[in-house]
Structure formats: structure tokens, C-alpha cells
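Notes for the structure review
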Amino acid sequence: MTCQELYRITLSLIGEEDACGDCADLEKRFLPLLNAFCAEAGGQETVCAEGLDEPFPLGERFVCPCAFFAAAMLVSDENEAQSALLSAQCERMMESIRRSTAAVVEPIVNRYR
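Along each chain, residues carry numbers from 1 onward, in the same order as the chain's sequence is written. It should be noted that, the model being predicted, local features are given only for residues of pLDDT at least 70 and side-chain atom pairs only at 80 or more, the latter also being counted only at that level, while totals for whole chains, interfaces and linings use all residues. In computing side-chain values, all of the structure's heavy atoms are included and hydrogens and water are not.

Focus on the side chain of Thr10
Inspection of the secondary structure assignment puts Thr10 in helix 1 (residues 3-13). Residue Thr10 is classed as buried on the basis of its relative accessible area, which comes to 0%. Secondary structure counts use DSSP, requiring at least four H or I residues in a row for a helix and at least two E residues in a row for a strand, with both numbered from the N terminus. Relative accessibility thresholds used throughout: buried, under 20% of the residue-type maximum; exposed, over 50%; partly exposed, between the two (1.4 Å probe, protein chains only).

Some points on the pattern of salt bridges
Think of a salt bridge as a Lys or Arg side-chain nitrogen and an Asp or Glu carboxyl oxygen that are within 4 Å of each other. Inspection of every chain in the model, using the stated rule, returns four salt bridges. Residue Asp25 is joined to Arg29 by a salt bridge in which the shortest nitrogen-to-oxygen separation is 3.4 Å. Here the residue Asp25 and the residue Arg29 both occupy positions in helix 2 (residues 24-42), the gap between them amounting to four residues, near one helical turn. Note on Asp25: relative accessible area 49%, which makes it partly exposed. Look at Arg29 and you get partly exposed, because its relative accessible area is 26%. The salt bridge partner of Arg98 is Glu91, with a shortest N-O separation of 4.0 Å. Each of Glu91, Glu95, Arg98 and Arg99 takes part in a single network of salt bridges with overlapping partners.

Looking at the environment of Ser100
Summarising the element assignment, Ser100 is placed in helix 4 (residues 80-100). Exposure remark for Ser100: the relative accessible area of 54% places this residue in the exposed category. Pairs of N or O atoms within 3.5 Å make up the polar contacts considered here, provided that, within protein, one atom can donate a hydrogen while the other can accept it, and that residues adjacent in sequence are counted only when both atoms are side-chain atoms. Within the structure, the side chain of Ser100 is placed 3.0 Å from the backbone oxygen of Ile97, a separation counted as a polar contact.

So, helix 4
Here the expected span of a helix is defined as 1.5 Å times the quantity of residues minus one. For helix 4, with 21 residues, the first-to-last C-alpha span of 30 Å sits near the 30 Å given by 1.5 Å per residue. Where helix 4 is concerned, the buried positions are Ser83, Leu86, Cys90, Met93, Met94 and Ile97. All buried residues of helix 4 project into a common sector of 95 degrees when viewed along the axis, lining one side. The exposed residues of helix 4 that point more than 90 degrees off its buried face are Glu80, Ala81, Leu85 and Arg99. In this description, one arc is meant: the one made by directions from the helix axis to the C-beta atoms.

Put into C-alpha cells, the structure is as follows:
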């Protein structure tokens, strides 16, 4: 999936996919939001995507949470209630991903003795 496809999904979540012929403002704001999400979810501190034509830098399971995150941030100034709903949905998806990720907690062994 490309970042452009993710951008279109994000627009559909906020009802802008048809009404937005030239959404230069939303498109300009989307890429930094995408990179912020990737940095938070993927643990990367560098820019994840430099353009919308690039592939989505994280796995497919992060597509929906990323779209909901970006949608929440894009409408946060205009519609706080919608932003809160979208953000809560993103958090539910991320929690589901965290629960489904297998992890074993054990002490760290010092191998440099």
C-alpha cells in the first residue's frame, strides 16, 4: 500500500474524499502526521516517508490505526468530538495489536563478563 492510498482512506474517514478536489492543505498536513505515527508505533526517530508515492513504511496491521490517527489530528481544530472518537478508535486498534504481539518477559543476561 502506498502512502497516497492511506491518505485517501484518511480522507474518507473525515468525509472529505468527494468534497475535496484539491486538498493541498490536508495533503501538506498528512505527511508529518504519518511520520509522527510511524515514529511512535515503529520506534523510528527518522522520517519514515518523504512523499505520498512511497510505500507505507510499517506493516499492514498498522494501516488502519495510522489512518484513524491522521484523521483525528486533521480534524482536531474543527471538530473536537469527532477527533476524540477517531483517536479512541486508533487507541483500541493499537491496544489490539499490542495484545496480539507475542512477548516473553525475562531477565537480561549479561553476556559480556
